[in-house]
Every structure is written in structure tokens, then in C-alpha cells.
Amino acid sequence: SMPLSHISQSLLTRLKIPKFYLYLTLLFSSPVYSIPSTPRPGDIYSSDDIWENLIYFHDAEFKIRNRKFLFSFDNPSPKLEKQLTIQAIKDSPRLACRFPARYSYLLQKGLLEKQKLNCPELTEYKNKVAADRFYYIFASKNYSSITSMMGHGMIAAEGTNSLGQKVSHAYSFFADLSDTNLPSLFYNSFLGGMDGALVLRPLKNELDRYLVKEGRELWQLELKLPHKKRELLRDALWELKDIEPKYLFHTFNCATLLQYTLAIVAPETLNHRTFFTSPLDIYRALQEEHYISHIQIRYAQNALENFGATYQAVQPTEELQDSSISLYYKDGLHLTFMSASHSFNTPQVSTVSQTALKIGAIDLNLSKKEFEELALYEFLDITPKKKVSSHFFIGSSKNDYDNFNKQTINTSISFGKAWENDRVSFSLLSGLRVQPKTLINPLLEGYLSYKISDYTTITSTANYQTDLHQSQYKLKANINKRIGKSHVLFFGAETTKPRNYDKLNFFTGLEYYF
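Note that the structure is predicted; figures quoted are calculated from it, not measured. (Residues numbered from 1 in each chain as written. Predicted model: local features only at pLDDT ≥ 70, side-chain atom pairs only at ≥ 80, totals over all residues. Heavy atoms only, no water.)

Here the focus is the overall build of the chain. A count of helices and strands for the chain gives eleven helices and 22 strands. Carbon together with sulfur atoms contributes 57% to the accessible area of the chain, which is approximately 23500 Å² in total. (Helix = DSSP H or I, 4+ residues; strand = E, 2+ residues; numbered from the N terminus. Areas by Shrake-Rupley, 256 points an atom, 1.4 Å probe, with all protein chains shown as cover.)

This brings us to the confidence of the model for the chain. On average, residues of the chain carry a pLDDT of 86, and 84% of them reach 70 or more. Low pLDDT, under 50, characterises residues 1-41; the predicted model gives this stretch 126 contacts beyond four residues in sequence or across chains. (pLDDT = per-residue confidence, 0-100. Contact = heavy atoms within 4.5 Å.)

Turning next to the packing of aromatic side chains. Summed over the entire model, instances satisfying the criterion amount to 19 aromatic pairs. With 5.8 Å between their ring centres and 65° between their planes, Y56 and F69 make a pair best called edge-to-face. Of this pair, Y56 sits in the loop between α1 (49-54) and β2 (57-58) while F69 is found in the loop between β3 (61-62) and α2 (78-91), placing the two residues 13 residues apart along the sequence. Just as Y56 is buried, F69 falls in that class too. Put simply, the rings of F275, F337, Y512 and F514 pair up and form one aromatic cluster. Across the ring face of F99, the terminal group of R98 is positioned such that the distance to the ring centre comes to 4.9 Å. (Phe/Tyr/Trp six-rings, centres within 6.5 Å; stacked < 30°, edge-to-face > 60°. Buried < 20%, exposed > 50% of the residue type's maximum accessible area, 1.4 Å probe, protein only. Lys NZ or Arg CZ within 6 Å of the ring centre and 35° of its normal.)

The next point concerns a nonpolar patch on the surface. Where nonpolar side chains cluster on the molecular surface, the patch consists of W419, V424, F426, L428, L444, L448, Y450, I452 and I458 and spans about 750 Å² of accessible area. Listing elements by their share of the nonpolar patch, those giving two or more residues are β17 (424-435) and β18 (439-453). By residue number, the principal contributor to the nonpolar patch is β18, which donates four residues. Residue placement: V424 occurs in strand β17. On the basis of relative accessibility, which here comes to 33%, the residue V424 falls in the partly exposed class. (Patch = residues over 30% accessible without salt bridge, like charges linked within 9 Å, V, L, I, M, F, W, Y side chains within 5 Å. Salt bridge = Lys/Arg side-chain N within 4 Å of Asp/Glu carboxyl O.)

Pairing is antiparallel around the closed barrel formed by twelve strands, whose spatial order is β11-β12-β13-β14-β15-β16-β17-β18-β19-β20-β21-β22. For this sheet, the mean angle separating the axes of adjacent strands, direction not counted, is 20°. As paired elements, β17 and β18 share twelve bridges and run antiparallel to each other. Note on β18: the bridge partner recorded for G431 is L443. (Pairing = 2+ DSSP bridges. Axes fitted to C-alpha atoms, helices over the stretch in contact; angles between N-to-C directions.)

Moving on to the pattern of salt bridges. Throughout the structure, instances matching the rule amount to 25 salt bridges. Its salt-bridge partner being D331, residue K368 comes within 3.2 Å of it at the nearest N-O pair. Linking K368 in the loop between β13 (356-365) and β14 (370-381) with D331 in the loop between β11 (324-329) and β12 (333-342), this pair joins segments that are 37 residues apart in sequence. Overall, the relative accessible area of 39% leaves K368 in the partly exposed class. Looking at D331, the relative accessible area reads 31%, which means it is partly exposed. Taken together, the shared-partner salt bridges in this structure form one network comprising R201, E206, R209, E214 and R216.

This brings us to the packing of helix α9 (residues 254-262) against helix α10 (residues 279-288). Between two packed helices, both the angle of their axes relative to each other and the distance between the axes serve to describe the pair. Their axes nearest at 9 Å, the elements α9 and α10 cross at an angle of 20°. Judged on the interaxial angle alone, α10 and α9 are roughly parallel. The hand of the α9/α10 crossing is right-handed. Counting all contacts with α9, which are made through A255, L258, Q259 and L262, the residues of α10 involved are P279, I282 and L286. Broken down by class, the residue content of the contact of α9 with α10 amounts to six nonpolar, one polar and no charged. (Parallel < 35°, antiparallel > 145°, perpendicular 65-115°, else oblique. Left-handed = near helix turned anticlockwise from the far one by under 90°. Nonpolar A, V, L, I, M, F, W, Y, C, P; charged D, E, K, R; others polar.)

What follows covers the nonpolar core. Counting 63 residues, the largest nonpolar core has F134, Y136, Y171 and L286 as the members making the most contacts within it. Listed in part, the eleven residues of the second largest apolar core include M154, A170, L207 and Y210. (Core = buried A, V, L, I, M, F, W, Y, C linked by side-chain atoms within 4.5 Å.)

Moving on, we get to the pairing of strand β5 (residues 152-160). Among the nine residues that make up β5, seven are buried, leaving the element largely enclosed by the rest of the structure. In this structure, strand β4 (residues 133-139) lies alongside β5, joined through seven bridges in antiparallel fashion. In the strand pairing of β5, A139 is matched with H152.

With that out of the way, let us pick up the environment of D454. Structurally, D454 is set in the loop between β18 and β19 (456-466). Along the primary structure D454 and P347 are separated by 107 residues, whereas in three dimensions their C-alpha atoms are 6.7 Å apart. Those residues in contact with D454, other than ones at most four positions away along the chain, are P347, Q348 and V349.

Right, let's get into α2. With 14 residues, α2 should cover 20 Å at 1.5 Å per step; its first-to-last C-alpha distance of 20 Å lies within 8% of that length. Those residues of α2 that sit buried are P78, E81, K82, T85, I86, A88 and I89. Looking straight down α2, one finds its buried side chains confined to an arc of 165°; they lie on one side. The secondary structure elements touched by the buried residues of α2 are α1, β2, β3, α3 (95-98) and α4 (100-108). (Expected span 1.5 Å × (residues − 1). Arc of directions from axis to C-beta.)

Among the structural elements, K90 can be located in helix α2. By relative accessible area, K90 is classed as partly exposed at 49%. With 25 residues separating them in the primary sequence, K90 and Q115 have C-alpha atoms 8.6 Å apart. When near neighbours in sequence (up to four residues on either side) are disregarded, K90 contacts L111 and L112.

Next up on the list: the packing of helix α5 (residues 120-128) against helix α8 (residues 227-238). Packing of α5 against α8 leaves a shortest axis separation of 11 Å and a crossing angle of 130°. Considering their axes alone, α5 and α8 lie oblique with respect to each other. Seen along the crossing, α5 lies across α8 with a hand that is right-handed. Where α5 approaches α8, its residues E121, L122, Y125 and K126 are matched on the opposing element by R234, D235, L237 and W238.

Right, dumping it as C-alpha cells:
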């Protein structure tokens, strides 16, 4: 589909949607911050915060490494990039049309003289895409989509264009997964990288998709930006149109790009970077630095029908952060780490039915010096309202029939039905687990949760699997109490048959989210 039918094809060379793009919402961002060097007197090429934000130089490295984006690609540095940019625009003034944000900055600094420019594509873009107001829009978590379980963010521009028409557009970052299968998806996400693209579309199309098709709430944050910063942000977004930044799950994804782009006009938001940045973290940063002038909540089309006339949305920033570490005692002292995002036991303020999304989660028994579980990727989607619930796991866990303490590499998938009544949710799923030796193992799972309050939940799980000759049961119950903004205190008991059916293993611990 064409993002803007009234703008020429050549203008939006990369502002279009390829065969199939998938929203991506998770990333690691290093907590180490770069310290800009102090310019020496007379050194016109010395770097500063604004210049480094414009060229996406953070944490002592370029976050966008692309020959189309960096004049200093072969030997990149902020100082050399400034020097080569100045020289390139002097030699070929039309390059100012390609990099209007950098051009404006260099003009303001007195490092370039004003050029007589003829920029038909840039002029058309500015005439059609009005920027009287900018918004950051956060789409609530969608538990029926594993790619949106941490929400989604986009930048929107709104205003009256040169024709006197009121228009609004949305900028979103996508990664191309049209030719990706599951094994290569994991490799490309963490090591190989995938092509990304900035997509510009009418805002109404995005609102309809989230509110009507997916039934999600939208939090539309109007940003407090003066005229010059709005112009700068619109120009900076233009500079990304042909770049195809490389997507890497742990270093650069859609939330990262939006975070660094907004930092061009709201640099203080970088002070709130977290270990694992999500779209919600951008919301928090804008809120903490007082860049929000107004919040409009857009409810899903069927929200009042499903939840009643008194329904009110829960402030998304009340949720816990997306990474966690914990210590707990069971059969020894355990240390856990989860890069993202939450477990079935995590108290969740915005839903009765508990869900799970684990990426890179490790449970290490320090006393025995062995792994309890390693979840490379796991999601649990509990969806009442006549929808199918599902559970997927890939990693290593204790599922061996003969030796319960033995780790088994496995993957499982199951589907089923969920019921929800006031504060209680129950779901029953069936599926298959694939593991060595026994190969195909039928699986039956049950999940029960009772929400005492938004900060306190009781959860229980039951798991049964068989190879048609042997069987194994796992039963577990927790009470989970959130303390303040970042901690969860939990205790409970579990048992497994046939290995230790006659005794309960009690456990208790404290989890910290950051």
C-alpha cells in the first residue's frame, strides 16, 4: 500500500511498506552513557551533544552505520563526520536537500553559508506533511499478538499543510521479515541483523488498525516542542527515509530508533534509558522530563461494551520495568535473570488474566551450581472473550522422565480456552512438547490466577506430559506481592511426580525490575 497517495513514488523511495513487515518492540540498550568532548577554542569540527544526536552517535559508537547516512563511513567519528558533511555540502549544495537537519544545524553554528537550494522532493514533503504538533503515541500491550506484548510506539505529526488541509501522519520503524523462517529469525535478530525501514502513513490508518482491528487503547502524548524544534524533528525524520537501519534485537530495534530520534529535540530523555528499552520506557522518559503538554486516551471500539460504562484505562507507566533479577531459596539459593519482559507470576496492573513474555531468562541454582531452566523465548497468551489462548516455549528445562534433575533441550506449543470472571482467570491448554529420546510428548497445561489487587496476585500452574509410556506432573502455586515501583516479593510451593511427589518444595524470594 502507498503511505501517501498524494506524494510521488520517488519522494517516498523508502517510506513505503515492503511485502511484509513485523512490528518489533524489544531491545537491549547499554546503560553506559557517552561523555561529549569539550570543544577546543578554534576547533570548528569539534563535536557537541546536538551534532552527536543528529548523527545517532551514542555510547561512543554510531547507532546507524550506513554508507548512505555517514560521509565518514570508512573511518567514522563525529568530528570527521562534521568536517566531511561541511565539505560535501560546499561541493554539492543539493546534499543539503538530503540532510536538511544537519544543514540547519551547521547554518546556525555559522559553519556553512546559506545555499540557494532547489529541493523539489523535500519541498513536497514539507508541504504535505504538516508539523504544527508532534505526538508520541503508545499502543497498549496486545496479549493476542506476541510481537506487541510490550506495546508499540510511533511518532505522529499533525497540522495544516500548504493547501490549507488538516492532515496527520505517523512515522513507524519496521524490520523486513518477509523472507525469514524461524531459525534464521533468531540468528538475524541477534547476530546477522535485518533491514529496517521508516514508514510514513496517514495517522488515521494506524489509529483504525489499533482501535478497531486489534482493540487496543492508545495514549496520544502531545509534545511540548517550540516551532524550531518541530521543524528540526521533521527534517531529521526525512534524513532516515533511505537508510534502512540494521535491526538487531539486543542493540537496535524500533524503540531504539524512536528513542534516539526524539533525543534530537528532547535530549534529556536519554537520562532515563534502561537496560531493556521498550516503547513504554519512552513514554516514561517524556513524562519524567515534562515534555508532555496533553494526554488523550483513545479507547478501543468495543471497550465500553466489553468492560462496562464505568471502565477507565490503567496508566501504562504504572507497570513494572521490563528486565528483572531475583534471588530465591528452594532446594538451595537460586539466582534468576530475565532480559525481558515478565512471567506468569508478575503482578500486572492492566489485566485480570496473567500473561508471560520471557526472552533470555535464566534460573541458576547457586548452591548446586546448575541451571534450573533456560528460556530463550517463551510467551503465554491468555485471552478470554472467545479467543484462542496459546503457549510457546523454546529453551532448556527439567523434563526427563527418568532423571528429573537432568536438563533437556525442548520446545513446546499448546492452545486452549480461557475463562475470566471478575478477579479470577482460568485457562486449559493442550499441545505437544518435542525433546530428545522421547521426541513427541502430548502436553496438558492449566493456569489459574486470582487478582487480589493490581499489586498482589495468586497464581497456580499445572503441567502434565507423557510419552504414552511414562508421565510427569508439575504443580506450582505462588502468591506475588509488588512492593513499590520495582520489587516483587513472592513465596509458594511446588511438587513434581514421579520424582518427588510425596513432598512439597517451598520457596520464597525477592525480584527486582529495572
